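Notes for the structure review
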Amino acid sequence: MTARLKGAVIGCGFFAQNHLYGWADLDDVEIVAVCDLDEAKARLAAERFGIARVYTSAETLFATEALDFVDIPTTMETHEALTALAFAHGVPVILQKPFAPDLDGCRRIVAAAEAANVPLMIHEDFRFQNLFRTVRQILDSGELGRLTFGRLSWRTGIDVYSNQPYLVHVERFMIMDVGIHLLDLARFLFGEANSVFCRTQQIREGIAGEDAATILLSHEQGATSVLDFSYATKRDPDPFPQTLGEIEGTEGTLVIGADQVLTVHGKGGTRPIPVPQDGRAWTSAPWTQIQDSVVHTQRHFIDSLRRGTEPATSGRDSLATYALLEAAYLSAASGRLIHPDRLVGDPA
Ligand code: NAD
Ligand code: 89V
């Protein structure tokens, strides 16, 4: 591998701007090409970030460029075809969430990556937020003892539909868009889950899917967790995009408070732990913690490529997260408790 890894970005839409800024912050990476079906978006990205070449066809991009990796921040219905092209050219992929429209689609993409022996990471950034990396360190210190309970709450009333208009039309909306972040966080913090119960709600009129959901998970190591999330919450100030909540253990409690302040209630008393932002020049409120986490996610992908190790949110690992998502939708539709291990299986 060369000193600076050469990458391309396919999809130069709304969220890809954060990816492009993020890649520019990594000294050992060079984005050599961008691609979008919409040439104007690709050209604008190339001009803004000083990127040499512009494509409107992913086929032509792969046929022309010698790439060390490709970043695909397009929406999920495009992922199977675009990753298949990357795998056919032996190019490692970092793929934005949601992975695919359903678990079978995720399994087909993982099977294709493994058949081609090409690394695949899902760009799942919440666990790479400074806040949750600090939470993980506190749990690893053992200060809370054995975990018994966790609650992760993500509630907002922001107009998400202006930046991401496709969300009006998706039938699997809130669990797919935001619940997936919390399901990944639940696995990251509390371990694998072996049962899922879920209730969804459609509160706003004129949308195709659910805009609020509550999920109850039981974890193999004994904890219970509750994940609740909503795009229909009226609150001032609006907490977007903060994940709030608490984690209880046999020896103490950790409160995940507003403005990135953690509070540990332990044997030694109570202490606040403010978690700083990175202070990058291009980030801005309220998106800062998400924007910072984009760079950390990219750093992890590049480090994994260089070391030849499996990334934390590899395609294969993410099958367990998407099995929880599939179980949540099944539970909401049936009103029953669902066991996700029966859904995972091996990639097709
Ligand atoms: P978008 O529609 O603004 O951008 C997607 C771009 O991909 C468009 O410009 C489109 O023309 C292009 N595209 C589609 N198919 C293509 C193809 N075959 N070849 C080349 N270009 C193609 O979408 P967005 O709002 O930026 O969302 C993209 C993804 O990012 C979504 O899956 C969304 O869930 C995710 N997202 C993640 C976070 C996060 O915090 N991780 C935040 C926002 C959005
Ligand atoms: O896709 C997403 O993660 C977005 C969010 C608003 C959470 O960033 O919808």
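Residues numbered from 1 in each chain as written. Chains lettered and ligands numbered in written order. Predicted model: local features only at pLDDT ≥ 70, side-chain atom pairs only at ≥ 80, totals over all residues. Heavy atoms only, no water.

Overview of helix 4 (residues 79-88)
Put simply, the rule reads: When a residue's accessible area, from a 1.4 Å probe over protein chains only, is under 20% of the maximum for its type it is buried; when over 50% it is exposed; and in between it is partly exposed. Runs of H or I in DSSP of at least four residues are treated as helices and runs of E of at least two as strands, each being numbered from the N terminus. Two residues form a contact once any of their heavy atoms are found within 4.5 Å.
For helix 4, the complete set of buried residues consists of H79, L82, T83, L85, A86 and F87. Against the buried residues of helix 4 lie strand 1 (5-10), helix 3 (58-64), strand 4 (69-72), strand 5 (93-96), helix 5 (103-116) and strand 6 (120-123). The positive-phi residue at the C-terminal boundary of helix 4 is G90, with phi of around 70 degrees.

Looking at the sheet that holds strand 2 (residues 29-35)
By definition, the strands of a sheet pair up through backbone hydrogen bonds, in either a parallel or an antiparallel sense. Short version of the rule: By the convention used here, strands pair only if DSSP detects at least 2 bridges between them. All axes here are fitted lines through C-alpha atoms, helices being fitted over the stretch that makes contact, and every angle between N-to-C directions spans 0 to 180 degrees.
Sheet architecture is open: 6 strands sit in the order 3-2-1-4-5-6, paired in parallel fashion. Each edge of the open sheet is held by one strand with a lone partner, namely strand 3 (53-55) and strand 6. Strand-to-strand, the axes of this sheet are offset by a mean angle of 25 degrees, without reference to chain direction. Sheet analysis places strand 1 next to strand 4, joined by 3 bridges and oriented parallel. Across the sheet, the residue bridging to V9 is D71, located in strand 4. The sheet contacts of helix 2 (residues 39-49) involve strand 2 and strand 3, and relative to strand 3 the element is tilted by about 165 degrees.

Concerning the site of ligand 1
As a reminder of what qualifies: When we say a residue is near a molecule or strand, we mean one of its heavy atoms is within 4 Å of it. Pairs of N or O atoms are called polar contacts if they sit within 3.5 Å, as long as, within protein, a hydrogen donor faces a hydrogen acceptor (for residues adjacent in sequence, only side-chain-to-side-chain pairs). Working definition of accessibility: Shrake-Rupley area with a 1.4 Å probe, residue cover restricted to the visible protein chains. Under the grouping applied here, Gly and all other residues not named as nonpolar or charged are polar, the nonpolar ones being Ala, Val, Leu, Ile, Met, Phe, Trp, Tyr, Cys and Pro and the charged ones Asp, Glu, Lys and Arg.
Around ligand 1, 22 residues are found, and the nearest of them are F15, D36, K97, D125 and Y166. The separation between a nitrogen atom of ligand 1 and a polar side-chain atom of D125 is 2.8 Å. Protein chains shield 87% of the accessible area of ligand 1, which is 860 Å² for the free molecule. Here the shell around ligand 1 is composed, by residue class, of 9 nonpolar, 8 polar and 5 charged.

Everything listed here is a matter of coordinates, which is why it stays silent on function.
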